[in-house]
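Examining the three-dimensional arrangement
One-letter residues, chain by chain:
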Amino acid sequence: MNLGSSIFIDISRIQQQREPEVLGERARASQRVHPCYQRRRQRLQTQENKPRRSLGLQPRAGRRVRTDPCQTDSRPPPNNMTTLRHRRASRGKEPAAAEVQPQQHSNCCTHHHHPDGSLQGDWSWGSIIWTSVGLSVSVGLGLLCCIYVATLHENDLWFSNIKEVEREISFRTECGLYYSYYKQMLQAPSVQEGLLELIHDNLTESRRTINLLQRMNIYQEVFLSVLYRSLPIKTYLEPVYFYIYTVFSLQAVYVIALYLTAWLLSGSWLAGALAGVWYILNRVDTTRVEFTISLRENWSLPFLALQVAAITCYLRPQLTSLQQKVMVWLMFVTTFCFCLTWQFNQFILLVQALIIYSLDCVDLLTTSQVTTLYLVQVSGLLSVWLLQFCNSMILGSLVLSFIVAALFVRHCQADLKVGGLLVRLSKILLHSVLVFLLTFIINYLTKKALQVRSDEHIFKFIKSKFAFRPTRDFDASLYLCEEAFGLLPLDTLERLADTLLLYPYIPTLLLLSGTLAIAALKNLSRSEGGSEEKDGAAEAFRPDVAYNLLHTLLYGLVAFSTMRMKYIWTGHMCAVAAHGVCSAELWTLLLRALRCNSRILLRIVRYAVPLLVIGFLYFKFWPKLMNELSELREFYDPDTVELMTWISTKTPKQAVFAGSMQLLAGIKLCTGRVLTNHPHYEDKDLRDRTRQIMDGPGENDPDLAPAQHPRFCEAVQTDGAAYAALFTRTFQNKTFHVYRLKKKRRKTPRSLSESAAAP
């Protein structure tokens, strides 16, 4: 044993002594390479030294790019040149992970990503056919979703067979208010007169003339009315069907956008198909379009999904300059359409800006990408600001203040990304404090200068919801008493688990979150001009995956805090879960952990699992969907129909109505009468008008005392003397009571003398 050990040691010493000689022979051999190989090597070296088009994967200062295969491999030159030719064919990619950074194999989100076909620039016939099939499937799923929700709407109301007034009553709450402006534009003698009526409206709020195009997000109703007037379809399609079919068609756009996002993330259009199937099967939690057609979110969320798909594509590597410009324009158009169609756009974009800020802090986005994404948001908001007649609520939004503060502090703090881990963390902490402090200062000064108070009820609601202040505030209580603004019910997760959506989503979320944390720490540990090993680790996490991960995390938190916001989260959740099922990187990590990793097995598993999931969902839910589509109901609300008919026929057109905000929206649509208030609550004067009686001596007085008078709605029905002197009942049925306010008679001097003489 001792002899064997000594022999082994001697041999190892001989090898150590000969190693410099062998390296010298290899170096001399590499200098004697055939001239043809030398010219090819020089061309490849020139190409690899060029700035890379891969977004977020730019070579950093001090990076040493190894281009001589003879210095890294002892294989014969022909094999080396085969490897080099392969790398040249996929120009723009990073070198293989085994040649640059061996430990990158453990990362599930490296940028070595191989999407299908033409999405990667492969224009062979096979790739074109395969990509065409994928695009066709996306359109098919989108149309399927559109037809599905349209059929549910028809079956639930028997919409095609009910009277016009019943159709209009089916537009509940604020949906009726928005649809009334579409109807008003169609009834106007011309488009110009209709626009003037909207700009100088005195029917929506009595004794006030307001600009509806400035106050509300109703440009979609204006656009549809102009389009309906222009197209030769009046004899074939009623105006109401043109409206609802347009909204249902946007659901097809929504599904296609989620499909493309999942396809771009995973590299397989099977992921997109799975995302579309999950969206349709989880309809209860992904959309409510079939019974709230005119809600602003049903117009805006499809554009938000398109914007996320455009951002995902923009953050992918290997985009040419032209492709980047196209993606920037797509991001701007979709952001603009999203902001134009929903008044809560600023709060959604604020979360998105925080995602961009976080990725910038951990070096997962380049300076150019961060600035571009910020400017796209600013451009979209300012364009809407101009169209909405300089709506001060947009200029006073937190997202604009945050973007200005982030760009300013980033410009001033030039050495933010220099130093070790602790230095970088302390700088990020200081940087964040400065950004948020400057954000609130800018926002406060802007609102003071412009006297913006339109969105203060939103902040009251947030403060009250998270117990930052008592909940006695009227505006906050108005939201908190609604179930839709409560916490997300746990049965939502049960329904998501029933369709198998939750099971791949949670592991994907955990795995990607852990990998992102590791990549962020490696990036922060790397000082500027650091070693090649650290630079390789910095490029380990794909920025498009990182953005979508933070997107689903933050909007998931918003959804859990407010149930109504779940529709922003659940749709994107389908795309992320589908990426987890079809991702080559995640499956590679799992198979490597099971010690059975091979290219053939990876391909089989990657395509077999989503097909098995889709097959399981088909056999489990197809009978349920057919049963759901076979259920026929009919709209039936005779009391409301009777009320609207009475108002239209028995009251003057100048009559003013007060009541609940939900009912008044329907009165505006069905009768065109003047209102005192309405459900669009983004106005301080309207909120003050809605709040008629204070419930205590102070706004937030914790000591509540019983009121000295009964509730008005109950007391007025008793026909007591005090109420009978002021109100006259003019209409009554089982549900509604209508009272007319008596006019005060002016007393003449004679009547005054008689009154004074009366006993």
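Basis of the calculations
- Residues numbered from 1 in each chain as written.
- Predicted model: local features only at pLDDT ≥ 70, side-chain atom pairs only at ≥ 80, totals over all residues.
- Heavy atoms only, no water.
- UniProt positions renumbered as here; feature names shortened; annotations may be inferred.
- Axes fitted to C-alpha atoms, helices over the stretch in contact; angles between N-to-C directions.
- Helix = DSSP H or I, 4+ residues; strand = E, 2+ residues; numbered from the N terminus.
- Parallel < 35°, antiparallel > 145°, perpendicular 65-115°, else oblique.
- Contact = heavy atoms within 4.5 Å.
- Nonpolar A, V, L, I, M, F, W, Y, C, P; charged D, E, K, R; others polar.
- Salt bridge = Lys/Arg side-chain N within 4 Å of Asp/Glu carboxyl O.
- Buried < 20%, exposed > 50% of the residue type's maximum accessible area, 1.4 Å probe, protein only.
- Arc of directions from axis to C-beta.
- Phe/Tyr/Trp six-rings, centres within 6.5 Å; stacked < 30°, edge-to-face > 60°.
- Lys NZ or Arg CZ within 6 Å of the ring centre and 35° of its normal.
- Core = buried A, V, L, I, M, F, W, Y, C linked by side-chain atoms within 4.5 Å.
- Expected span 1.5 Å × (residues − 1).
- Pairing = 2+ DSSP bridges.
- pLDDT = per-residue confidence, 0-100.
- Polar contact = N/O pair within 3.5 Å; in protein donor to acceptor, adjacent residues only side chain to side chain.
- Patch = residues over 30% accessible without salt bridge, like charges linked within 9 Å, V, L, I, M, F, W, Y side chains within 5 Å.
- Areas by Shrake-Rupley, 256 points an atom, 1.4 Å probe, with all protein chains shown as cover.
- Left-handed = near helix turned anticlockwise from the far one by under 90°.

For the chain, the name recorded in an unreviewed UniProt entry is Dpy-19 like C-mannosyltransferase 3, with Oryzias melastigma as its organism. The heading Sequence similarities (unreviewed entry) in the UniProt record of the chain holds the text "Belongs to the dpy-19 family." The UniProt entry for the chain carries this comment under Subcellular location (unreviewed entry): "Membrane".

Once that is clear, we can look at the packing of helix α20 (residues 421-450) against helix α24 (residues 502-525). At a minimum axis distance of 7 Å, the contact between α20 and α24 shows a crossing angle of 105°. What the angle tells us is that α20 and α24 run roughly perpendicular. Across from L421, R424, L425 and I428 in α20, the residues of α24 making contact are L521, N523, L524 and S525. Classifying every residue of the contact of α20 with α24 gives five nonpolar, two polar and one charged.

Time to look at the pattern of salt bridges. Applying the stated rule across the entire model yields 27 salt bridges. Between R542 and E585 there is a salt bridge whose closest N-O contact spans 3.5 Å. Placement of the pair is R542 in the loop between α25 (532-538) and α26 (543-561) and E585 in helix α28 (residues 584-593), with a sequence separation of 43 residues. Comparing R542 with E585, the two get one shared label, buried. Counted as one network, the salt bridges with shared partners bring together D360, D363, R410, K417 and R424.

Among all positions of helix α23 (residues 491-498), only T492, L496 and A497 are buried. Each buried residue of α23 lies within a common arc of 135° when the element is viewed along its axis, so the set occupies one face. Elements that come into contact with the buried residues of α23 comprise α13 (283-286), α24 and α27 (566-582). Phi for L500, located one or two positions after α23, is positive at around 70°.

This brings us to the packing of aromatic side chains. Under the definition given, this model contains 26 aromatic pairs. A ring pair is formed by W342 and F344, whose centres lie 6.0 Å apart and whose planes are at 65°; its orientation type is edge-to-face. Counting every residue linked through ring pairs, the aromatic cluster contains F171, Y179, Y182, Y243 and W299. Taking the ring centre of Y178 as reference, the NZ or CZ of R296 above it sits at 3.8 Å.

Attention now goes to the nonpolar core. If you look at the biggest cluster of nonpolar residues, it comprises 176 residues, and the most contacted ones within it are F171, Y243, W278 and Y374. Broken down by element, this core gets its largest block of residues, 18 residues, from helix α11 (residues 239-266). Excluding anything up to four places from it in sequence, Y374 contacts A353, I356, Y357, F402, I403, A406 and L407.

What follows is about helix α16 (residues 345-361). Between its first and last C-alpha, α16 extends 24 Å over 17 residues, near the 24 Å set by a 1.5 Å rise per residue. The element α16 is extensively covered by neighbouring structure, given that 15 of its 17 residues are classed as buried. In the stretch just after α16, D363 is the one whose phi turns positive, near 65°.

With that settled, the discussion passes to the environment of I647. Turning to its location among the elements, I647 is positioned in helix α30 (residues 638-650). A residue is classified by how much of its surface remains accessible, and I647, at 0% relative accessible area, is buried. Leave out the neighbours within four places in its chain, and I647 touches F657, I667, T671 and R673.

Turning our attention to the pairing of strand β3 (residues 727-732). Pairing between β3 and strand β4 (residues 737-741): five bridges, direction antiparallel. Bridge pairing in β4 links F727 to L741. From the end of β3 to the start of β4, which pair antiparallel, there are four residues.

Moving on: the confidence of the model for the chain. Mean pLDDT over the chain stands at 81; residues scoring 70 or higher make up 77%. Per-residue pLDDT stays below 50 along residues 1-37; that stretch engages in ten contacts with residues further than four places along the chain or on separate chains. Here residues 750-759 is a poorly scored stretch, pLDDT under 50, and it has one contact once near neighbours within four places are set aside; other chains count.

Turning our eyes to something else, we now look at the side chain of N391. Positionally, N391 belongs in the loop between α17 (367-387) and α18 (392-395). In terms of polar contacts, N391 uses its side chain to reach the backbone amide nitrogen of M393, at 3.0 Å. Every residue in contact with N391, bar those within four places of it in the chain, is listed here: Q214 and W385.

A surface patch of nonpolar side chains, amounting to about 370 Å² of accessible area, comprises L421, L422, L425 and L521. For L421, the location among the structural elements is in helix α20.

At a minimum axis distance of 7 Å, the contact between α11 and helix α12 (residues 269-281) shows a crossing angle of 140°. The chirality of how α11 crosses α12 is right-handed. Packed against α11, whose contacting residues are Q251, Y254, V255, L258, Y259, A262, W263 and S266, the element α12 presents W269, A271, G272, A273, A275, G276 and Y279 at the interface. Of the residues that constitute the contact of α11 with α12, the class distribution is eleven nonpolar, four polar and no charged.

The next subject is the side chain of E585. E585 gets classed as buried once you look at its relative accessible area, which sits at 7%. Of the polar contacts made by the side chain of E585, one reaches the side chain of S583; its length is 2.9 Å.

Counting through the fold element by element, V558 comes out in helix α26. In sequence terms V558 and I348 are 210 residues apart; their C-alpha atoms lie 9.8 Å from each other.

Trans peptide bonds make up the majority, and among non-glycine residues the majority have a negative phi. The phi dihedral of T173 is positive, around 45°, even though this residue is not glycine. Checked against the element boundaries, T173 lands in helix α7 (residues 173-187). Since its relative accessible area comes to 33%, T173 is described here as partly exposed. If you check the backbone angles, D363 has positive phi at about 65° while not being a glycine. Within the secondary structure layout, D363 lies in the loop between α16 and α17.

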